[in-house]
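Here is what each chain is made of, one letter per residue.
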Amino acid sequence: MRIARLLGTVLGTTLLTTTAVLTAPAHAGTPAARDTAARDTAARDTATLDRPALRASLDAVHEAGMYGVFSSVRDGREGWTGASGVADAATGRPVTPDMRQRVGSISKTFTAVGIMQQVERGRIRLDAPVGDYLPDLIPGERGREITVRMLLNHTSGIGDYVLSAFPSLAKGSADSLEEERFRSVRPAELVRMGLAAPATGRPGTVPGSYSNTNYVIAGLLLEKVTGQKAGAYLSRHVIDRAGLRHTYLPRTPYIKGPHPRMYESWFGVLAPPRDFSVYDMSWASTAGSVVSTTDDLNRFYRALLGGKLVGKASLDEMTRTVPVSGIDYGLGIYSLELRGCGRFWGHDGAVFGAGTIALSSRDGKRQVALAQNLMKYQELDENGRPKQHPIDDAIAAHVVRALCTDAPASGINHSRLTKSLRFDQLSH
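Residues numbered from 1 in each chain as written. Predicted model: local features only at pLDDT ≥ 70, side-chain atom pairs only at ≥ 80, totals over all residues. Heavy atoms only, no water.

**Regarding the overall build of the chain**
Short version of the rule: Numbered from the N terminus, helices here are DSSP runs of H or I no shorter than four residues, and strands are runs of E no shorter than two. Burial classification: accessible surface area is computed with a 1.4 Å probe over protein chains only, and a residue below 20% of its type maximum counts as buried, one above 50% as exposed, and the rest as partly exposed. The contact definition used throughout considers only heavy atoms, calling two residues in contact when any of these lie within 4.5 Å. Areas reported as accessible are Shrake-Rupley estimates using a 1.4 Å probe. Residue values count occlusion only from the protein chains shown.
Secondary structure assignment for the chain yields 16 helices and 13 strands. Within the span of the chain, comprising 428 residues, buried residues form 60% of the whole. Restricting to contacts in the chain with at least 6 residues of sequence separation, those with at least 24 account for 73%. Looking at the chain as shown, the accessible area adds up to about 15,500 Å², and 51% of this sits on carbon and sulfur atoms.

This is the structure:
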């Protein structure tokens, strides 16, 4: 989920994703959109990885103030992994590249894949009203007007439930984060909160507005048509099918396997930053509860973009974008253009204490996945917006270095890239 321009707009959305555009958005039907394939190819498959530069740029993230950061980069068959900093601020235990991480809204791509698999089987129609499948969950006019596609591309107009789930956030307090640490909440209750929130627009209108409620509904839809729990279905038909070995949807507040502690500052409200490594993630449901590794995330997006999880027609649907809260958003996946380098596809996520981003060239050959264990480290300005922090610049520089062969000469606007990769931004 995305996290925020604090108080007011800030918290209206997600704690599970963030990213905006780096250049002028290219939407379906525009000349730029028709050029997507050419730009995607521009994400070069002939490049080699500059390992010393990758190491230096990752170390720079830690040196800028990040507790721990780890990254996996690929160029074709060539790979690099690195880690810098600490997994535990108290003991100095180092972070390692194989650690598991809560990946937040990257979970939305997994859920969207599950839905598209059912579209391929004829059990779901993208442009059918969601009320046809879940009449009791979304009754009346909303259920008739909102389609499955609108859920997946965030044009449903349904608000987000985060402020209702963590009410102290609207008052400038992080008390709710601690109070709800072990609360188990059912998906239907999250949907109720989202439906009760102010609508963000008429169904189907653009630009859309990013809302985690959409993907909780998508998870319940998946359960309705398959007769299985969403977690069980996604584990078998998405995670296992993609060959992921360290990815799962948690059933307890604890993370299995090696992982860093995950620290939340909430823009200085929590000082020193508080450890939220142990947390009941039912509040994120199918919108953001997946645990994974950076290597698994690269493997996942290679499998998806390579046609191993859904067919070409489904992938074409997923990569048809509309403007959503400053992002070119498809169905559970967005595109990000680095001018002079190419167009990349993926998602990012932010939960309490953990931030992750995964981006891939359209052919799946050039990839980066990065994870960090300190969140909302920025200060707020007089308007309640996060100020630029050296960590933000360092993360952007590493991502550019990972995806672009000749980063310094690529002509990429680093300041705009930095803004797009900041996990403090809200979706609307």
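**Concerning the packing of helix α4 (residues 107-120) against helix α10 (residues 212-226)**
The test is simple: Axis lines are fitted through C-alpha atoms, for helices just across the contact stretch, and the angle between N-to-C directions can take any value from 0 to 180 degrees. By convention, the crossing between two helices is left-handed when the near helix turns anticlockwise from the far helix through less than a right angle, and right-handed when the turn is clockwise.
The N-to-C vectors of α4 and α10 enclose an angle of 35°; their axes lie 10 Å apart at closest approach. Of the two elements, α4 crosses α10, and the hand of that crossing is left-handed. Of α10, the residues touching α4 (which contributes Lys 108, Thr 111, Ala 112, Gly 114, Ile 115 and Gln 118) are Asn 212, Tyr 215, Ala 218, Gly 219, Leu 221, Leu 222, Val 225 and Thr 226.

**A short note on α4**
Because an α-helix completes one turn every 3.6 residues, residues spaced three or four positions apart along the sequence face the same direction. The condition is simple: A helix is expected to reach a length of 1.5 Å times the quantity of its residues less one.
Relative to the 20 Å expected for 14 residues at 1.5 Å per residue, α4 spans 20 Å between its end C-alpha atoms, a close match to the ideal helical length. For α4, the tally of buried residues reaches twelve of 14 residues, placing the bulk of the element in the interior. Restricting attention to buried positions, one finds in α4 the residues Ser 107, Lys 108, Thr 109, Phe 110, Thr 111, Ala 112, Val 113, Gly 114, Ile 115, Met 116, Gln 117 and Gln 118. Taken from the residues just after α4, Gly 122 is the one with a positive phi, measuring 80°.

**Things to note about the sheet that holds strand β7 (residues 322-324)**
Where we set the bar: One requirement defines pairing of two strands: DSSP has to find at least two bridges between them.
With respect to topology, eight strands assemble into an open sheet ordered β2-β1-β12-β11-β10-β9-β8-β7, the strand pairing being antiparallel. Edge positions in the sheet fall to β2 (78-85) and β7, since each of these pairs with one other strand and no more. Strand-to-strand, the axes of this sheet are offset by a mean angle of 25°, without reference to chain direction. Across five bridges, the pairing between strand β9 (residues 334-338) and strand β10 (residues 342-351) is antiparallel. Bridge pairing links Ser 335 to Trp 345 in β10. Its contacts with the sheet place helix α15 (residues 390-403) against β1 (68-75), β2, β9, β10, β11 (354-361) and β12 (366-372), and it is angled at close to 155° to β12.

**Quick notes on the confidence of the model for the chain**
Interpreting fine coordinate detail is not advised for predicted regions of low pLDDT. This is how it is decided: What pLDDT expresses is the predictor's confidence in each residue, scored from 0 to 100.
On average, residues of the chain score 87 in pLDDT, and 84% of them are at 70 or above. Below pLDDT 50 for its whole length, residues 1-47 participates in 202 contacts with residues either more than four positions away or in separate chains. Low confidence marks residues 409-416, where pLDDT is under 50. Its contacts with residues over four positions away, or in another chain, come to 15 contacts.

**Comments concerning a positive patch on the surface**
The following threshold applies: Like-charged residues within 9 Å of one another, or nonpolar side chains (Val, Leu, Ile, Met, Phe, Trp, Tyr) within 5 Å, are grouped into patches, provided each residue has over 30% relative accessible area and no salt bridge. Put simply, a salt bridge is a Lys or Arg side-chain nitrogen that is within 4 Å of an Asp or Glu carboxyl oxygen. By the counting rule applied here, Lys and Arg register as positive and Asp and Glu as negative, while His and the ends of each chain are not counted. Just so you know, the charge point we use is NZ for Lys, CZ for Arg, CG for Asp and CD for Glu.
A cluster of like positive charges, contributed by Arg 121, Arg 123, Arg 236 and Arg 241, occupies part of the molecular surface. With respect to the helices and strands, the residue Arg 241 is situated in the loop between α11 (230-239) and β4 (263-264). Taking relative accessible area as the criterion, Arg 241 reaches 48% and is therefore assigned partly exposed.

**Quick word on the pairing of β11**
Of all eight residues in β11, eight are buried; the element is thus mostly enclosed. Where burial is concerned, the two faces of β11 agree: the one with Ala 354, Thr 356, Ala 358 and Ser 360 and the one with Gly 355, Ile 357, Leu 359 and Ser 361 are both buried. Taken together, the eight bridges between β10 and β11 define a ladder with antiparallel strand orientation. Looking at the pairing, Asp 348 lines up with Ile 357 of β11.

**Observations regarding the state of the cysteines**
Heads up, the condition is: Two cysteine sulfur atoms form a disulfide, by the criterion used here, when they sit within 2.5 Å.
Applying the stated criterion to the full structure yields one disulfide. Covalently, Cys 341 is tied to Cys 404 through a disulfide, its sulfur atoms 2.2 Å apart. Between Cys 341 and Cys 404 the sulfur-sulfur dihedral comes to about -115°; the bridge is accordingly left-handed. Note that Cys 341 is positioned in the loop between β9 and β10 and Cys 404 in the loop between α15 and α16 (414-420), a separation of 63 residues in sequence. As far as burial versus exposure is concerned, Cys 341 and Cys 404 are alike and both buried.

**Some points on helix α9 (residues 187-196)**
Test applied: Taking the helix axis as origin, the arc is that swept by the directions to the C-beta atoms.
Buried residues of α9: Leu 190, Val 191, Met 193 and Gly 194, and no others. In an axial view of α9, the angular spread of the buried residues amounts to 160°, which keeps them on one side of the axis. Looking at the packing, one finds that the buried side of α9 touches α7 (162-165), α10 and α12 (285-288).

**Some remarks on the environment of Asp 295**
Looking at the element boundaries, Asp 295 is found in helix α13 (residues 294-305). Separated by 75 residues in the primary sequence, Asp 295 and Leu 370 place their C-alpha atoms 9.4 Å from one another.

**What to know about the packing of α10 against α11**
Defined as follows: Roughly parallel here means an angle under 35 degrees, roughly antiparallel means over 145, roughly perpendicular means 65 to 115, and every remaining angle is called oblique.
The interhelical angle for the contact between α10 and α11, taken along N-to-C directions, is 80°, at an axis separation of 9 Å. When the axes of α10 and α11 are compared, the pair comes out roughly perpendicular. Seen from α10, the contacting residues are Gly 219, Leu 222, Glu 223 and Thr 226; seen from α11, they are Ala 230, Tyr 233 and Leu 234.

**A closer look at the pairing of β10**
Extensive coverage of β10 is indicated by the burial of ten of its ten residues. Side chains Gly 342, Phe 344, Gly 346, Asp 348 and Ala 350 project from β10 onto one buried face, and the interleaved Arg 343, Trp 345, His 347, Gly 349 and Val 351 project onto a second face that is buried too. Where β9 hands over to β10, the hairpin turn is made up of three residues, of which Gly 340 adopts a positive phi near 85°. The antiparallel pairing of β10 with β11 creates a hairpin that spans two residues between the two strands, and Gly 353 there sits at a positive phi of about 85°.

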